[in-house]
Structure formats: C-alpha cells, structure tokens
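Below, each chain spelled out in residue letters.
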Amino acid sequence: MLNTVYRLTAPRHFEVEFNEIDLFGEQVVVRPTHLSICNADQRYYQGKRAPEVLAKKLPMALIHEGIGEVVYDPKGEFQPGDAVVMVPNTPTESDDIVSENYLRSSKFRGSGFDGFMQDNVALDRDRIVRLPENIDKTVAAFTEIISVSVHALSRFDSIAHQRRESVGIWGDGNLGFITALLFKAMFPDTKLYVFGVNQDKLDDFSFVDETYLVREIPDDLSIDHAIECVGGDGSQKAIQQIIDFINPEGTISILGVSEYPIPVETRMILEKGLRMFGSSRSGRKDFVKTVELFEKNPEIVDYLSNIVGAVVEVNTIKDMTKAFELDIQKAFGKTIMVWKK
Ligand SMILES: NC(=O)C1=CN([C@@H]2O[C@H](COP(=O)(O)OP(=O)(O)OC[C@H]3O[C@@H](n4cnc5c(N)ncnc54)[C@H](OP(=O)(O)O)[C@@H]3O)[C@@H](O)[C@H]2O)C=CC1
Ligand SMILES: O=C(CO)[C@H](O)[C@H](O)COP(=O)(O)O
Ligand SMILES: [Zn+2]
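Every chain's residues receive numbers from 1 upward, in the order its sequence appears when written. Labels follow written order: the first chain is A, the first ligand is 1, and so on. Per-residue local features of the predicted model are confined to residues with pLDDT of at least 70, and side-chain atom pairs are confined, for both listing and counting, to 80 or more; whole-chain, interface and lining totals are unaffected and use all residues. To obtain the side-chain values, all non-hydrogen atoms of the structure were used and water was disregarded.

Under an unreviewed UniProt entry, the name given to the protein is Ribulose-5-phosphate reductase, and the organism recorded is Anaerostipes hominis. UniProt positions are given in the numbering used here, feature names are shortened, and annotations may be inferred rather than shown by experiment. UniProt annotates the protein under Function (unreviewed entry) with the comment "Catalyzes the NADPH dependent reduction of D-ribulose 5-phosphate to D-ribitol 5-phosphate."

Quick word on the overall build of the protein
Summing up its helical and strand segments, the protein has eleven helices and 18 strands in all. A principal-axis box enclosing the C-alpha atoms of the protein has dimensions of 65 × 40 × 40 Å. Note on classification: 1.4 Å probe, protein chains only; a residue is buried when its accessible area is under 20% of the maximum for its type, exposed when over 50%, partly exposed between these limits. Split into buried and exposed, the 341 residues of the protein put 54% on the buried side. Should any heavy atoms of two residues lie within 4.5 Å, those residues are counted as being in contact. Counting contacts in the protein only where the partners sit at least 6 residues apart, residues at least 24 apart contribute 74% of the total. All accessible-area figures derive from a Shrake-Rupley calculation using a 1.4 Å probe, and residue coverage is judged against the displayed protein chains alone. Accessible surface computed for the protein: about 15500 Å², of which carbon and sulfur atoms make up 48%. The helix count covers DSSP runs of H or I at least four residues long, the strand count covers runs of E at least two residues long, and both are numbered beginning at the N terminus.

Details of a nonpolar patch on the surface
Exposure above 30% relative accessible area and the absence of a salt bridge qualify a residue for a patch, where like charges join within 9 Å and nonpolar side chains (Val, Leu, Ile, Met, Phe, Trp, Tyr) within 5 Å. Definition used for salt bridges: Asp or Glu carboxyl oxygen within 4 Å of a side-chain nitrogen of Lys or Arg. On the surface, Leu 2, Val 16 and Phe 18 cluster together into a nonpolar patch covering about 320 Å² of accessible area. Mapped onto the fold, Val 16 is located in strand E2 (residues 13-20).

Some words on the site of ligand 1
If a single non-hydrogen atom of a residue is within 4 Å of a molecule or strand, that residue counts as near it. Near ligand 1 lie 26 residues; those nearest to it are Arg 43, Asp 172, Leu 175, Lys 201 and Arg 281. In protein, a polar contact means a hydrogen-donor-capable atom and an acceptor-capable atom, both N or O and within 3.5 Å, with residues adjacent in sequence counting only if both atoms are side-chain atoms; elsewhere, any N or O pair within 3.5 Å suffices. A distance of 3.2 Å separates an oxygen atom of ligand 1 from a polar side-chain atom of Asn 198. Within the backbone of Ser 279, an N or O atom sits 2.9 Å from a nitrogen atom of ligand 1. In isolation ligand 1 exposes 910 Å². Once the protein is present, 82% of that is buried. Basically, the charged four are Asp, Glu, Lys and Arg, the nonpolar ten are Ala, Val, Leu, Ile, Met, Phe, Trp, Tyr, Cys and Pro, and anything else, Gly included, counts as polar. Within the shell around ligand 1, the residues separate by chemical class into eleven nonpolar, eleven polar and four charged. All domain edges in this entry derive from an automatic or database-based domain assignment. For the shell around ligand 1, the domains that each give at least three residues are domain 1 (2-145 + 281-339) and domain 2 (147-278).

Let's talk about the UniProt feature "binding site: Zn(2+)" (unreviewed entry) in the protein
In the numbering adopted here, UniProt assigns the feature "binding site: Zn(2+)" (unreviewed entry) to Cys 38, His 64, Glu 65 and Glu 144. Considering the C-alpha atoms alone, the annotated residues occupy 107 residues of sequence yet fold into one spot, their largest mutual distance being 9.7 Å. Each residue touching His 64, except ones within four places of it in the same chain, is listed here: Cys 38, Ala 40, Asp 41, Pro 88, Phe 108, Arg 109, Phe 116 and Glu 144. Within the fold, Glu 65 resides in strand E5 (residues 65-72).

Points about the pattern of salt bridges
Once the charged atoms of two side chains with opposite charge are near each other, the side chains can pair. Within this structure, the stated rule accounts for 17 salt bridges. Residue Glu 65 pairs with Lys 334 through a salt bridge whose shortest N-O separation is 3.0 Å. Of the two residues, Glu 65 sits in strand E5 while Lys 334 sits in strand E18 (residues 334-339), which places them 269 residues apart along the sequence. As far as burial versus exposure is concerned, Glu 65 and Lys 334 are alike and both buried. Of the charged contacts in the structure, one is a salt bridge between Arg 125 and Glu 77, with a shortest N-O distance of 3.0 Å.

Digging into helix H7 (residues 235-245)
Buried within H7 are the following residues: Ser 235, Ala 238, Ile 239, Gln 241, Ile 242, Ile 243 and Phe 245. Taken together, the buried residues of H7 touch strand E11 (166-170), strand E14 (225-228), strand E15 (251-254), helix H8 (266-272) and strand E16 (275-278).

Things to note about the coordination of the zinc ion (ligand 3)
Keep in mind that water is not among the atoms, so a site may look incomplete; donors are the N, O and S atoms within 2.8 Å of the metal, or 3.2 Å for Na, K and Ca. Taken together, the protein ligands of the zinc ion (ligand 3) are Cys 38 (SG) and His 64 (NE2), with distances of 2.1 to 2.4 Å. Relative to the metal, the four donor atoms surrounding the zinc ion (ligand 3) lie at angles of 74 to 158 degrees, and the coordination shape comes out irregular. In this pair, Cys 38 sits in the loop between strand E3 (28-36) and helix H1 (39-45) while His 64 sits in the loop between strand E4 (60-61) and E5, placing the two residues 26 residues apart along the sequence. Just as Cys 38 is buried, His 64 falls in that class too. The rule is simple: four donors are tetrahedral if all their angles sit between 85 and 135 degrees, four are square planar and six octahedral if opposite donors span more than 155 degrees and the others lie between 65 and 115, and anything that fits none of that is irregular.

Looking at the packing of helix H4 (residues 143-159) against helix H9 (residues 284-296)
Lines fitted to the C-alpha atoms define the axes, with helices restricted to the stretch that makes contact. Angles between their N-to-C directions range from 0 to 180 degrees. Running from amino to carboxyl end, H4 crosses H9 at an angle of 105 degrees, the nearest separation of the two axes being 9 Å. Put simply, H4 runs roughly perpendicular to H9. Of the residues in H9, those in contact with Thr 143, Glu 144, Ile 146, Ser 147, Val 150, His 151 and Ser 154 of H4 are Asp 286, Phe 287, Lys 289, Thr 290 and Phe 294. Of the residues contributing to the contact of H4 with H9, the split by class is four nonpolar, five polar and three charged. By the definition adopted for this analysis, an angle is roughly parallel if under 35 degrees, roughly antiparallel if over 145, roughly perpendicular if from 65 to 115, and oblique otherwise.

Observations regarding unusual backbone geometry
The step from Leu 58 to Pro 59 runs through a cis peptide bond, and the omega angle for that step is 0 degrees. If you trace the backbone, Pro 59 turns up in the loop between helix H2 (51-57) and E4. Non-glycine residue Ile 63 carries a positive phi angle of around 85 degrees. Structurally, the position occupied by Ile 63 is in the loop between E4 and E5. Judged by relative accessible area, Ile 63 falls into the buried class, the value being 0%. Phi at Asn 134 is positive, roughly 65 degrees, even though this residue is not glycine. With respect to the helices and strands, the residue Asn 134 is situated in the loop between strand E10 (128-130) and helix H3 (137-140).

The following block contains the structure:
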C-alpha cells in the first residue's frame, strides 16, 4: 500500500514523500487523528539543533505525540475504527535491567526515524495501546508527554528517600503542569511547590500547595526533593536554584532537555550528598499505566484539558506550517493538529 509521509526536509519546510506499507506483515496500520507538538519537534522545525544533527536526521516526519484509529490489523485483534495511542519508542531488543527507552539500540519516532506526520502509520502491535471510549481526544493526543511524567515519577518513587514533606517542581510550562498534576495524584500527602518565571502561568497551578516566582523565593524555604521541568536556556539557573534550596541528601530529577552542556555546581552536590537522575521518553508500560490513570481518575483528564491550546485542522502542508507557527507564538498549552489527511 502506497503511503504519504510529510517530512521536514529543511527548517520550516515540509515536503510530501511516499513509502510502502506491507499489508502482508504483522504490523497494525493506524490512521492518525490527533497529533500534538512537542518542544523537540520545534527544535527540528526551527532548525535549533546543531547543523550536523539536522544533516543526519532530516528529511524526517516529525511528531511523537499522537493518537489514531486502526485501519487494518492482519490478526484481527483490533477492529477498524478502534481508537489507540501510538508509542513512539521502538525497541529492537529487551533487557532485564535497562528500560526500553534507555536502550541505545531503540529508535524513537520523530527523532531517529519517521514520526506520526503520515497518512497511515504501520506499527508493531505492542506499539499501540487502546484508549478508553469517550476520552477527550485533544487531551489523549498528548498522552506521550503525560507518560513521560508517569515514567519519571515512578523512578522518583524508587530513588528518592522517604522524607517527602515537601517537593519543588521548577518550570511553569506544559511539562511542569502535567508533572505537578500527576505528582499530586501519586503523592497526595506531600506539599508540592511550583517555581516559575510567569505569574500568569503559575496562576493555573491551582491544585498545588504554593507557587513561587523564582526571583521571590523566601530565604528560609527548603524542599526535600526537586524536579526540573525547564530545559533550554533556563536549565542552568533552575538547577542552581534547586541545589541552593534542596535539603541534604535530597534527590533532583532532571527532565528538561538542553541543547548544549550546562555547568552544574558539583561542589554543593557533593557537600549536600545529593542524588541527581535524568529521565527521558517512556515505554509501553508507562503508556499502559497512563491510560489506566485516565480511566481511574477522569478528573485528571479534565484538568489536562486546561492546557489544550490551539486546535488546528490540518488538511494541507500549509495547515501543518500554520500549526507549527502558532505553536511558536503560544504563551502556554499544547498545540493539537486534528489530522484530516
Ligand atoms: N525528558 C523528556 O522525555 C521530555 C523532556 N521535555 C523537555 O522539557 C522541557 C520543558 O518542556 P515544556 O514544559 O513542554 O516546555 P515549556 O516551554 O512549556 O516550559 C518551560 C517553562 O519553564 C519556564 N522557565 C524558564 N526559566 C525558568 C526557571 N529558571 N525556573 C523555572 N521555570 C523557568 C519557561 O518560561 P518562559 O517560557 O517564560 O521562558 C516555561 O514556562 C523542554 O526542554 C522539553 O524539551 C519535554 C517532554 C519530554
Ligand atoms: O520530547 C521528548 C520525549 O517526549 C524528548 O525530549 C525527545 O525525545 C528528545 O529527542 P531529541 O533527541 O530528538 O531531541
Ligand atoms: Zn516529546
């Protein structure tokens, strides 16, 4: 079956290309319905990655956050029209210790190979997870970034010591919002503080115990552990501030992606005996856990609908460009493409 793929061939430039989908294989064919733009997509779209990275990765279809409807399953386990979330991480081996998203051999859609900007996507059957009926699809579209938070918080639970009276999340953007919301659901007895740079964004974190502008943190405040959801140019300041305010032997969970290496005050990491760990991406089990969370706690989906930003119907390449450009201008929220291709 001939399939159309919309690849980024150069910064801000999409082109139509074609590939072949083998209908006689084992893979399930999914037609994307709702796609969501991640900061990682924007770094490719705007040409913010290093030239040698762009030269290696492009042309490539972007987008690793998305849901769709099954078109064809050779085994008949899924029926045409079934709503599913697509898992972008694609392992080629398994390991008893290392999770699928950390195996260096795994490929990731929209980073190592084509993402979901296609008319149809052929996926191994363990790369799709059935969605609950009647779920808000504009929220389900960004299940992937939610599963990243679920994954990081599960790791936090196994790494951070048990004194968890107060935890701080740095970052008042989408990842900060999602992580804060899930943190409150998973650790209801811990006081959660969110630290940001925009009062209007912080006002949306109505479900946390306190919010602070990073330039107005009281000197006597301290936290047992911290989670960094800033990334980019802000990472360095955020990590420094975390090191300043965290209690000895606390754990720092790093989630923000920085394009270039950043200096970190290792002396105080040593003196305070801190643990620092990174989390990136997620695997099938995190998606399954996330979908279970949607089913058991529908109020989480309602809260998440607050961060649905622009919803753009996409019929043409011009519409794709419009969605990415709108996403750049947004103050807050996820940009959703309703994929009519
Ligand atoms: N580890 C993973 O698998 C994943 C990582 N990410 C990464 O996480 C990072 C955040 O993503 P996302 O939330 O979508 O991006 P956003 O841009 O929505 O959020 C970052 C927020 O942090 C704010 N900020 C800037 N400086 C500071 C500071 N010093 N202290 C506190 N807050 C600050 C920004 O404000 P302002 O906009 O005003 O600068 C912005 O609101 C990105 O680097 C992204 O690539 C995302 C998904 C998954
Ligand atoms: O967004 C992410 C996961 O949801 C990761 O940050 C993203 O996968 C990093 O990939 P790349 O190396 O291509 O920037
Ligand atoms: Zn992402």
